[in-house]
Amino acid sequence: MATALQARCVFLGAPGAGKGTQAKKVADGAALAHISTGDMLRQEVAAGTALGRQARTFMDAGKLVPDDVIIGMVRARIQQPDAKTAWILDGFPRTLPQAEALDRSLTGATALTHVIYFAVPEAALVGRLSGRRTCSKCGAIWHVEHKPTRRAGICDACGGELAQRSDDRPEAIGKRLEVYRSQTAPLLAYYRDRRVLREVDADRSPEIVYQELLKLMQ
Ligand code: AMP
C-alpha cells in the first residue's frame, strides 16, 4: 500500500497509453482524487443529460468535446472537497486552451506538482485500444489478449458484463490518434518549457510502470 501523496498531477499521453489504468491504481493507493474527463463524460452520456447528449456525437466520432464544456466541468470538479489538495487529472488537458485555463484556475498553493508523459510507440496503441474491454459495472479495464478475464466477456473483479467503448472501434481509433497528434502532443513542449514534465516508458508491464510512477510522484 502506497503512502498518501500531496500530488496535483496531470497524466498525459495518447489514447491507449495506460493513463486510466494507472491513474485508478495510483489514486486508490495514495488517497488522491482520480479525475477522468472521459469517465465523467461517459457518466453524463449514460445518464442522458443535456451535456451527455452534446458530448456523445463528438466522442463517438473520436473528436474532442469543445473546450468550454470540458473546462467548466473540470473547474467545478476540482472545487469539490475530495479534490481540494491532491488529485490526478487523467485525460485533461488535451488542448493548449485547456492547459492555459488550468494554469489560470490553480493558484500558488494548488499549482501542478507533476505532469507525467506516458510514452508508448504509436504502433502499440492501436492493438491496445482495439482489444480493450471495460466492465460496465465496476469500470475495471481488461484486454482480450494482454489482460484477459477468466470467462470471456465477464469481469473477474465483480462479475459484471464487459463492453467495448464505442470510440475503441476501428473507425474512431484512427481519428483519436490523429487528434492526439495535432491537438494534445503540443502540450509536451508547453509543460517541458515550464519544467514540470516527466516521462515514463509506458510500453512495459503495468506493474513496472506503476512502481516507476510512485517513484516519480514522491
Ligand atoms: P478518454 O476516456 O480520456 O479517452 O476520453 C474519451 C473521449 O471523451 C475523448 O475521445 C473525447 O471525445 C472526450 N474527452 C475526454 N477528455 C476530453 C478533453 N479533455 N477535451 C475534450 N474532449 C475530451
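Since the model is a prediction, treat every value here as computed from it, not as a measurement. (Residues numbered from 1 in each chain as written. Predicted model: local features only at pLDDT ≥ 70, side-chain atom pairs only at ≥ 80, totals over all residues. Heavy atoms only, no water.)

J.: Can you break down the overall build of the chain residue by residue, with the values?
T.: Of regular secondary structure, the chain possesses 9 helices and 8 strands. Compactness check: the chain gives a C-alpha radius of gyration of 17 Å against a globular reference of 17 Å for 218 residues, within 12% of the reference. Summarising its shape, the C-alpha atoms of the chain cover approximately 50 × 40 × 35 Å along the three principal directions. For the chain, the residues scored as buried account for 47% of the 218 residues in total. By sequence separation, contacts in the chain at least 24 residues apart represent 70% of the contacts at least 6 residues apart. Split by element, the accessible area of the chain, about 10,900 Å² in all, is 53% carbon and sulfur. For the chain, the separation between the mean place of its 31 positive charges and that of its 24 negative charges on side chains is 2 Å. (Helix = DSSP H or I, 4+ residues; strand = E, 2+ residues; numbered from the N terminus. Rg over C-alpha atoms; globule rule 2.2 N^0.38 Å. Buried < 20%, exposed > 50% of the residue type's maximum accessible area, 1.4 Å probe, protein only. Contact = heavy atoms within 4.5 Å. Areas by Shrake-Rupley, 256 points an atom, 1.4 Å probe, with all protein chains shown as cover. Lys, Arg positive; Asp, Glu negative; His and termini not counted. Charge placed at Lys NZ, Arg CZ, Asp CG, Glu CD.)

J.: Which residues make up the packing of helix α4 (residues 67-77) against helix α5 (residues 96-105), and what values do they have?
T.: Interaxial distance between α4 and α5 falls to 10 Å at its minimum, and their mutual angle equals 30 degrees. By the angle class used here, α4 and α5 are roughly parallel. At the point where α4 passes α5, the crossing takes the right-handed sense. Contacts between α4 and α5 pair Asp-67, Ile-70, Ile-71 and Arg-75 from the former with Pro-97, Gln-98, Ala-101 and Ser-105 from the latter. (Axes fitted to C-alpha atoms, helices over the stretch in contact; angles between N-to-C directions. Parallel < 35°, antiparallel > 145°, perpendicular 65-115°, else oblique. Left-handed = near helix turned anticlockwise from the far one by under 90°.)

J.: Could you give an account of the sheet that holds strand β7 (residues 162-163), with specific residues and numbers?
T.: Taken in spatial order, the 3 strands make up an open sheet running β6-β5-β7, and their pairing is antiparallel. Two strands bound the open sheet, and with one partner strand each, they are β6 (141-143) and β7. When strand β5 (residues 132-135) meets β7, the two strands line up antiparallel, connected through 2 bridges. Bridge pairing links Cys-135 to Leu-162 in β7. The strands touched by helix α6 (residues 122-130) within the sheet are β5 and β6, with β5 carrying the most contacts at an inclination of about 40 degrees. (Pairing = 2+ DSSP bridges.)

J.: Which residues make up the site of the ligand, and what are the values?
T.: Every one of the 16 residues lining the ligand counts as a neighbour, but Thr-37, Arg-42, Lys-63, Gly-91 and Gln-98 are closest to it. At 3.0 Å from an oxygen atom of the ligand is found a side-chain nitrogen or oxygen belonging to Arg-94. In the environment of the ligand, a nitrogen atom lies 2.9 Å from a nitrogen or oxygen atom belonging to the side chain of Gln-98. Protein contact buries 96% of the 470 Å² of open area that the ligand shows by itself. Of all the elements, helix α2 (residues 37-47) adds the most residues to the shell around the ligand, at 4 residues. Of the residues that constitute the shell around the ligand, the class distribution is 6 nonpolar, 4 polar and 6 charged. (Near = heavy atom within 4 Å. Polar contact = N/O pair within 3.5 Å; in protein donor to acceptor, adjacent residues only side chain to side chain. Nonpolar A, V, L, I, M, F, W, Y, C, P; charged D, E, K, R; others polar.)

J.: Can you break down the sheet that holds strand β3 (residues 87-90) residue by residue, with the values?
T.: An order of β2-β3-β1-β4-β8 is seen for the 5 strands of this open sheet, with the pairing classed as parallel. A single partner strand is all that each edge strand has here, and the edge strands are β2 (33-36) and β8 (197-201). When the angles between neighbouring strand axes are averaged without regard to direction, this sheet yields 25 degrees. Relative to strand β4 (residues 114-119), strand β1 (residues 8-13) runs parallel, the two being bridged by 5 bridges. Its bridge partner being in β4, Phe-11 is matched across the sheet by Ile-116. This element, helix α1 (residues 19-30), spans β1, β2, β3 and β4 of the sheet and lies at about 170 degrees to β3. Relative to β2, α2 is tilted by about 65 degrees, and along the sheet it contacts β2 and β3.

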